[in-house]
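Survey of secondary and tertiary structure
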Amino acid sequence: MLPIIRCGFPLTVCVFIYEHLEIDNSLRGLPPLLKSAVGTPGKAGNFQRDVIIVQYLFNLIKPIIHYDIPEDGIISPTLIRTISQFQSIHLRFQHPDGVIEPEGKTFRSLIAAAIKCPVATRPSPFTSSFFTQSSANGNSIRQLVNDYLRKQRYNVADESLELSKLMAPGLDGATSLTEQDFTDAWENLNRRVELNIIKAFSVVESGGRSGFNALNLPIIAYEGHIFRKYSKRKYDQTHPLLSYRYVKKAGPQWQKNNSDQLSAWNTFAKAYALDADAAIKACSWGMFQVMGFNYEACGHKDIGKFLKDMKSNAGKQLSAFLHFCNKNSSLLSAMVNKNFYNMAFNYNGSDFGDYDIKIRRAYESLEKGRQ
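A brief report on the enclosed structure follows. (Residues numbered from 1 in each chain as written. Predicted model: local features only at pLDDT ≥ 70, side-chain atom pairs only at ≥ 80, totals over all residues. Heavy atoms only, no water.)

1. Observations concerning the overall build of the protein chain
In terms of regular secondary structure, the protein chain is built from 17 helices and five strands. When the accessible surface of the protein chain is split by element, carbon and sulfur atoms take 51% of a total near 18,000 Å². (Helix = DSSP H or I, 4+ residues; strand = E, 2+ residues; numbered from the N terminus. Areas by Shrake-Rupley, 256 points an atom, 1.4 Å probe, with all protein chains shown as cover.)

Encoded structure:
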């Protein structure tokens, strides 16, 4: 439930191009490939097995780094420099540390690059003393990595299919509300709430025009601090733009994630790939921008059904809003009594900014239009 500035968007927003959509490679469902960090001495364990895995992965992505790495299990200045350059050039780290953590961003990005490269079919041109002494062990490590990459390719394929379904519009009705819809809403609230109070919420939340964007997907805004709460802070370190603590309304992360509807849906898709339920709960939805974590108060026992209804039509978005009003006696009382401060507090929480002023102005404008 957000001020209009949070969900407004130009109708010329560009169409999703799925092949350009970044799929967040979360490595979900796979055990860690590395037992310890690899890289700068003093910051990493540098077990020989782990070092060889990293060396082999860099050799797989030779078209990116442009040179071979000896697979000798030795943490050399060349390997540290390669890690740092990969972080700086390809990951845009401002302060590369030359360390690959077992489940960190550098490792995930290295795997993401490696799965796009063909698996090596013959031994590396660099046969180390380690492999000379135990080529079977060396081949075993390579096979371990190859199997890991194969499984991750399946994961990415599954996530791509899931993503295409997520991004597919589910529209089966109108994208906007009629005067009769608002009259029916007034009846639903037992004629206690003035019709223009109901309309004022739609005006403030979505401009009063539509609950859908130019892609026929519901208007959303993504809240990283809410995702952080429901994903139990699991992704604070690995995905700081998706999972962050609350500092102020519409902070820098929020603005980047919600600069337009394309960005908001891209952000939601990345979070959904990590934790679907937490991602749905972390967004505000549709014409009235009801928060996903309120799905039960909005009349849904299943969060997946909530998502489907938000994608269906404006009428179901209105229904969710009305359920929420009927479940929240304090909000309903404030609406009946036209107490704009309490409306704002009960709909948007304590940090509601000037939401009360916006609701009042929207209501007064609608009333003036009747005269």
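Now, onward.
2. Examining the packing of helix α14 (residues 314–327) against helix α15 (residues 329–337)
Relative placement of two packed helices is described by the angle separating their axes and the distance separating the axes. It is at 5 Å that the axes of α14 and α15 come closest, and there the two elements cross at 100°. For the element pair α14 / α15, the angle class is roughly perpendicular. For the pair formed by α14 and α15, the contact residues are F321, F324, C325, N326 and K327 on the first element and S329, L331, L332 and M335 on the second. For the contact of α14 with α15, the class distribution of residues is six nonpolar, two polar and one charged. (Axes fitted to C-alpha atoms, helices over the stretch in contact; angles between N-to-C directions. Parallel < 35°, antiparallel > 145°, perpendicular 65-115°, else oblique. Contact = heavy atoms within 4.5 Å. Nonpolar A, V, L, I, M, F, W, Y, C, P; charged D, E, K, R; others polar.)

3. Points about the packing of helix α8 (residues 195–206) against helix α16 (residues 340–348)
Packing of α8 against α16 brings their axes to within 13 Å, and their N-to-C directions diverge by 55°. By the angle between their axes, α8 is oblique relative to α16. Handedness of the α8/α16 crossing: right-handed. Contacts from I197, F201 and E205 in α8 reach F340, M343 and Y347 in α16. In terms of residue class, the contact of α8 with α16 is built from five nonpolar, no polar and one charged. (Left-handed = near helix turned anticlockwise from the far one by under 90°.)

4. Focus on the environment of S76
By the element assignment, S76 lies in the loop between α2 (62–65) and α3 (77–90). By relative accessible area, which is 25% here, S76 ends up partly exposed. Each C-alpha atom of the pair S76 and P41 lies 9.7 Å from the other, and the pair is 35 residues apart in sequence. (Buried < 20%, exposed > 50% of the residue type's maximum accessible area, 1.4 Å probe, protein only.)

5. As for the packing of aromatic side chains
All chains considered together, the criterion is met by 18 aromatic pairs. On the basis of an interplanar angle of 75° and a centroid distance of 5.9 Å, the ring pair of F324 and Y347 is categorised as edge-to-face. Residue F324 is located in helix α14, and its partner Y347 is located in helix α16; the two are separated by 23 residues in the primary sequence. F324 gets classed as buried once you look at its relative accessible area, which sits at 6%. (Phe/Tyr/Trp six-rings, centres within 6.5 Å; stacked < 30°, edge-to-face > 60°.)

6. Topic: the sheet that holds strand β4 (residues 283–285)
With antiparallel pairing, the three strands of this open sheet are ordered in space as β3-β4-β5. Single-partner strands in this sheet number two, and they are β3 (220–222) and β5 (290–291). (Pairing = 2+ DSSP bridges.)

7. Examining the nonpolar core
Counting 65 residues, the largest nonpolar core has F201, F268, W285, F288, F321 and M335 as its most contacted members. Here M335 is in contact with L189, V193, I197, F201, F321, C325 and M343, once residues within four sequence places are set aside. Counting 31 residues, the second largest nonpolar core, distinct from the first, contains V38, I69, I83 and V145. (Core = buried A, V, L, I, M, F, W, Y, C linked by side-chain atoms within 4.5 Å.)

8. Things to note about the side chain of Q55
Relative to the helices and strands, Q55 resides in helix α1 (residues 48–60). Exposure remark for Q55: the relative accessible area of 1% places this residue in the buried category. Side-chain polar atoms of Q55 contact the backbone oxygen of P70, separated by 3.1 Å. Within the structure, Q55 has its side chain in polar contact with the backbone nitrogen of G73 (distance 3.0 Å). Those residues in contact with Q55, other than ones at most four positions away along the chain, are I69, P70, E71, D72, G73, I74 and L79. (Polar contact = N/O pair within 3.5 Å; in protein donor to acceptor, adjacent residues only side chain to side chain.)

9. Looking at unusual backbone geometry
Its identity is not glycine, yet N46 carries a phi of approximately 55°, on the positive side. Of note in the backbone geometry, Q289 takes a positive phi value of approximately 50° without being a glycine. Mapped onto the secondary structure, Q289 falls in the loop between β4 and β5.

10. Considerations on the pattern of salt bridges
Any two side chains of opposite charge can pair if their charged atoms end up close together. Following the criterion strictly, the structure yields twelve salt bridges and no others. For D147, the salt bridge is made with R150, and the minimal N-O distance between the two is 3.9 Å. Placement of the pair is D147 and R150 together in helix α6 (residues 135–167), with a separation of three residues, close to one helical turn. Accessibility expressed as a relative area gives 26% for D147, which makes it partly exposed. K199 is the partner of E179 in a salt bridge, and the nearest nitrogen-oxygen pair spans 2.8 Å. Highlighted residues: E179 in helix α7 (residues 179–188) and K199 in helix α8, separated in sequence by 20 residues. According to the relative accessible area criterion, K199 is buried, its value standing at 14%. Salt bridges sharing common partners tie together K305, D309 and K316. (Salt bridge = Lys/Arg side-chain N within 4 Å of Asp/Glu carboxyl O.)

11. Details of helix α17 (residues 355–370)
Under the 1.5 Å per step criterion, the end-to-end length of α17 is 23 Å for 16 residues, consistent within 8% with the ideal 22 Å. Taken together, the buried positions of α17 are occupied by Y355, D356, I359, A362 and Y363. Burial along α17 is one-sided: seen end-on, the buried residues are contained in an arc of 135°. For α17, exposure combined with an orientation more than 90 degrees from the buried face picks out R361, K368 and G369. Residues of α17 that are buried make contact with α8 and α16. (Expected span 1.5 Å × (residues − 1). Arc of directions from axis to C-beta.)

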